[in-house]
Amino acid sequence: MLFNTYKPWKFAFSQDTDNLNETTPNNWLIIGVPFDSTSSYKSGSRFGPTTVREASYSFEKYNITFKKDISTTFYDFGNVEVVHGNCKKTIAILEDAISELMDYNIKPLLIGGEHSISLAPIKALANKYNIENMTIIHLDAHMDLRDEYQGEKCSHATVMKRVHDLNPKEIIEIGVRSGSLEEIEFTQNQENIAIFTSKDIKERFHALENKLNKIDNEEAIYLSIDVDVLDPSYVGEVGNPIPNGLSPEIIEKLLVLLAKKNIIGLDLVELATNKLGDSSAVATAKIIYDFLTLNGE
Ligand SMILES: [Mn+2]
């Protein structure tokens, strides 16, 4: 008989969780967060963890783009139990879960779910690292810097404002092409927010490259990737698609720059498809696959 190793409920190439070795540094731990209650346009990101994991079986162990095997040690712990309809409770549960798992010397890699969930890993990490020395790199079509959205403080549209409230060293937003006047005025008065629009990056990639190269290799960075940063022609199945986004080639270049840095946590959010084999899910899975390939030895 012939069986393959297809386990669609776990990310491809993940290690068996029974073998989790807490003394090994640099373990990544995938956690799915099937929460989409604050979605304002296209809902369905609760299916993101399932569709991304299934799509991860599209790739070879050898990553031809970067000419190396995916050799990083990473585990897939499944999904956290969310409270549908309750953003604050879900964030609290997720923060607790991540804090507990960090004792195993692991770094969280979350698959959303919508963007509100990013607050939980950042809060959990802020207790371990000094957030005032932490840089948040945020890839997104949107600024997510509103103080409230539809009267709510806990929302996908306010998440970076909540992160900013924690007083990180800097928030670098990459790929922005949508923002309210309130958000734009807010950023103009803040020294610790840098914005690189989608147009800036296409016209002057070197400016962003210089900015990222200036970050010390030891400095703790949290990386939050809203996959709507990609152009909808590549990733259209997202909560709030916006035209004129980045290409997968630019994402690959950014990952090369960032994977050498001290990334202490990562999330991919806002994929909203329930269709197996969806190309948006494959493009999202490829970012995780590429990151883990580059982050390995
Ligand atoms: Mn967005």
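Visitor: Explain the overall build of the chain here, please?
Guide: Broken down by element type, the chain carries nine helices and 10 strands. For the chain, the C-alpha radius of gyration of 18 Å lies close to 19 Å, the compact-globule estimate for 297 residues. Referenced to the eigenvectors of the C-alpha coordinate spread, the extents of the chain come out at roughly 65 × 40 × 40 Å. By the burial criterion, 49% of the 297 residues in the chain qualify as buried. Residue pairs at least 24 apart in sequence account for 78% of intrachain contacts in the chain once pairs closer than 6 positions are excluded.

Visitor: Would you explain the packing of helix α2 (residues 87-101) against helix α3 (residues 119-128) in this entry?
Guide: Between two packed helices, what matters for the description is the angle formed by their axes and the separation of those axes. Between α2 and α3, whose axes approach to 8 Å, the crossing angle comes to 45°. Here α2 is positioned oblique relative to α3, judged by the angle of their axes. Between α2 and α3 lies a crossing of right-handed hand. Two secondary-structure elements touch here, α2 through I91, L94, E95, I98 and S99 and α3 through L119, A120, P121, K123, A124 and N127. Here the contact of α2 with α3 is built from residues that sort into seven nonpolar, two polar and two charged.

Visitor: Looking at this model, I keep getting lost on the environment of M102. Mind explaining?
Guide: The topology assignment puts M102 in the loop between α2 and β5 (106-112). Judged by the 19 C-beta atoms lying within 10 Å of it, M102 is partly exposed. For the pair formed by M102 and N210, sequence separation is 108 residues and the distance between their alpha carbons is 32 Å.

Visitor: Hey, could you run me through helix α1 (residues 48-55) in this one?
Guide: Structural remark: α-helix, 3.6 residues per turn; residues separated by three or four positions point the same way. Counting buried positions along α1 yields seven of eight residues, so the element is predominantly enclosed. Regarding α1, the residues found buried are G48, P49, T51, V52, R53, E54 and A55. Those residues of α1 that are buried lie in contact with β1 (27-33), β4 (74-79), β5 and α9 (279-295).

Visitor: Can you help me understand the sheet that holds strand β8 (residues 193-197) in this one?
Guide: Neighbouring strands of a sheet are bound in pairs by backbone hydrogen bonds; such pairs are parallel or else antiparallel. On the basis of which strands lie adjacent, the open sheet formed by eight strands has the order β4-β1-β5-β10-β9-β6-β7-β8 and parallel pairing. In this open sheet, the two strands that pair with only one neighbour each are β4 and β8. Across the sheet, the mean angle separating the axes of adjacent strands is 15° when strand polarity is ignored. When strand β6 (residues 135-139) meets strand β9 (residues 220-226), the two strands line up parallel, connected through five bridges. Bridge pairing links T135 to I221 in β9. Docked against the sheet, α1 engages β1, β4 and β5, running at close to 105° with respect to β5.

About the cut-offs
Residues numbered from 1 in each chain as written. Predicted model: local features only at pLDDT ≥ 70, side-chain atom pairs only at ≥ 80, totals over all residues. Helix = DSSP H or I, 4+ residues; strand = E, 2+ residues; numbered from the N terminus. Rg over C-alpha atoms; globule rule 2.2 N^0.38 Å. Buried ≥ 20, exposed ≤ 12 C-beta atoms within 10 Å, placed from the backbone. Contact = placed C-beta atoms within 7 Å. Axes fitted to C-alpha atoms, helices over the stretch in contact; angles between N-to-C directions. Parallel < 35°, antiparallel > 145°, perpendicular 65-115°, else oblique. Left-handed = near helix turned anticlockwise from the far one by under 90°. Nonpolar A, V, L, I, M, F, W, Y, C, P; charged D, E, K, R; others polar. Pairing = 2+ DSSP bridges.

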